[in-house]
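This is what each chain is made of:
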Amino acid sequence: MANATVMVIDDEKDLVELVRYNLEKEQFHAITAFDGASAVEIAMRHRPDLIILDLMMPGMTGLEVCRVLRGDEKTRDIPIIMLTARTSETDRVVGLEMGADDYVTKPFSPRELVARVRAVLRRTAGPKEAVKLIRRGELVIDVDAREVKYQGNPVVLTATEFRILEYLAKRPGRVVTRDSIIDAALGQNTAVMDRTIDVHITALRRKLGSAGSQGGRGGEMIETVRGFGYKFKDRGDE
């Protein structure tokens, strides 16, 4: 984790310098960008280990930057922490739906932000399990390649969505709580709302449904168990 490259993208130069200083003090290598267009170009060229991205920037917004990075094979798996001056749940949900792995609300403590960076990097760099290929009916998850296919069609997921799907698919028929999903896919020390997990599950269902050819039924593999959590349904066993 030490010496990992973290990219900071924000149009507020003083804030960028503050974050860069605190990252480098903790032995991270920091690179910066002050607008969306240049940020995309720099991220494509350097492929940082993590990106801190401001939501509201003039011109190309943080959401647009996130959409471009998530749509390119070279950068789609880079974890993103979104910075937002907005405190409403809707704004946070939009960021998570666009593929952010975490968010921090301005104003923030630089120490808290660095702690979030460590937590996200720890999740994304965790040890791989022995299972390399998971097959559940028409769903195939390649753990090493971090690729998902449904009915032979690729399903593009964020890093967090992939970890949640992998966790659920390894436990077909078992009800798992939101807390267990948070611990396994987001990290035990991560403070998130239940709504955060619900947003990721909704995105997973939508993407699996869009990849299928049976009226969007791919998303039905993930069932909601009211009052408890979620359950992965192995359609191949029906």
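Structural data are supplied above this passage.
Since the structure is predicted, the reported quantities are computational estimates derived from the model, not experimental observations.

J.: Explain the pattern of salt bridges to me, please; I cannot follow it from the model alone.
T.: Two side chains that carry opposite charge are able to pair once their charged atoms sit near each other. In total, this model carries 19 salt bridges according to the counting rule given. The partner of Lys 106 in a salt bridge is Asp 10, with the nearest N and O atoms 3.0 Å apart. Of this pair, Lys 106 sits in the loop between β5 (102-105) and α5 (110-124) while Asp 10 sits in the loop between β1 (5-9) and α1 (13-25), and the two are 96 residues apart along the sequence. Judged by its relative accessible area of 14%, Lys 106 falls in the buried class. Connected via shared salt-bridge partners are Asp 10, Glu 12, Asp 54 and Lys 106.

J.: Is there a simple way to explain unusual backbone geometry in this structure?
T.: Comment: phi is negative for the bulk of residues other than glycine, and the bulk of peptide bonds are trans. Residue Pro 107 follows Lys 106 across a cis peptide bond; omega there is -10°. By secondary structure assignment, the location of Pro 107 is in the loop between β5 and α5. With a phi angle near 75°, Gln 27 is a residue other than glycine that sits in the positive phi range. Note that Gln 27 resides in the loop between α1 and β2 (29-33). Positive phi, close to 55°, is recorded for Gln 151, a residue that is not glycine. Using a relative accessible area of 18% as the deciding quantity, one classes Gln 151 as buried.

J.: Any chance you could explain the nonpolar core here in plain terms?
T.: Inside soluble globular proteins, nonpolar side chains tend to come together where they are buried. In terms of nonpolar packing, the biggest core is built from 27 residues, with Leu 139, Leu 165, Leu 168 and Ile 222 touching the most fellow members. Where this core is concerned, the elements lending two or more residues are β7 (139-142), β8 (147-150), α6 (159-169), α7 (178-186), α8 (194-211) and β12 (229-232). Residues within four places of Leu 139 in sequence aside, it is in contact with Ile 134, Val 148, Lys 149, Tyr 150, Leu 165, Leu 208, Met 221 and Phe 232. Listed in part, the 24 residues of the second largest apolar core include Met 7, Val 40, Ala 43 and Leu 69.

J.: Just to check I follow, could you spell out helix α2 (residues 36-46) for this structure?
T.: Two residues of an α-helix separated by three or four positions point the same way, owing to the 3.6 residues in each turn. Three or more residues of α2 are buried, namely Gly 36, Ala 39, Val 40, Ile 42, Ala 43 and Met 44. On its buried face, α2 is in contact with β1, β2, β3 (50-54) and α3 (62-70). Where α2 begins, one side-chain oxygen reaches toward the backbone nitrogen of Ala 37, 3.3 Å away; that side chain belongs to Asp 35. Phi for Arg 47, located one or two positions after α2, is positive at around 45°.

J.: Honestly, the sheet that holds β5 in this entry has me stumped. Any pointers?
T.: What links the strands of a sheet is backbone hydrogen bonding, and the strands pair in either a parallel or an antiparallel sense. What the 5 strands build is an open sheet, ordered β2-β1-β3-β4-β5; its pairing is parallel. Strands at the two margins of the open sheet, each flanked by one partner only, are β2 and β5. Between one strand axis and the next, the sheet turns through 20° on average, direction left out of account. Against the sheet, α1 makes contact with β1, β2, β3 and β4 (80-84), and its axis sits at roughly 165° relative to β2, the strand it touches most. α2 contacts β1, β2 and β3 of the sheet and is inclined by roughly 145° relative to β2.

J.: Can you help me understand the sheet that holds β8 in this one?
T.: Strand order across the open sheet formed by 4 strands is β6-β7-β8-β9, with antiparallel pairing between neighbours. The two strands at the open ends of the sheet, each matched to only one other strand, are β6 (133-136) and β9 (153-154). Bridge count for β8 against β9 is 2 bridges, and the pairing is antiparallel. Paired with Tyr 150 across the two strands is Asn 153, which belongs to β9.

J.: Honestly, the environment of Arg 116 in this entry has me stumped. Any pointers?
T.: The residue Arg 116 is located in helix α5 in this model. Taking the C-alpha atoms as reference points, Arg 116 and Asp 102, 14 residues apart in sequence, are found 8.0 Å from one another. The residues contacting Arg 116, other than those within four sequence positions of it, are Ile 81, Asp 102, Tyr 103 and Val 104. A polar side-chain atom of Arg 116 sits 3.0 Å from a polar atom in the side chain of Asp 102.

Criteria and thresholds
- Residues numbered from 1 in each chain as written.
- Predicted model: local features only at pLDDT ≥ 70, side-chain atom pairs only at ≥ 80, totals over all residues.
- Heavy atoms only, no water.
- Salt bridge = Lys/Arg side-chain N within 4 Å of Asp/Glu carboxyl O.
- Helix = DSSP H or I, 4+ residues; strand = E, 2+ residues; numbered from the N terminus.
- Buried < 20%, exposed > 50% of the residue type's maximum accessible area, 1.4 Å probe, protein only.
- Core = buried A, V, L, I, M, F, W, Y, C linked by side-chain atoms within 4.5 Å.
- Contact = heavy atoms within 4.5 Å.
- Polar contact = N/O pair within 3.5 Å; in protein donor to acceptor, adjacent residues only side chain to side chain.
- Pairing = 2+ DSSP bridges.
- Axes fitted to C-alpha atoms, helices over the stretch in contact; angles between N-to-C directions.

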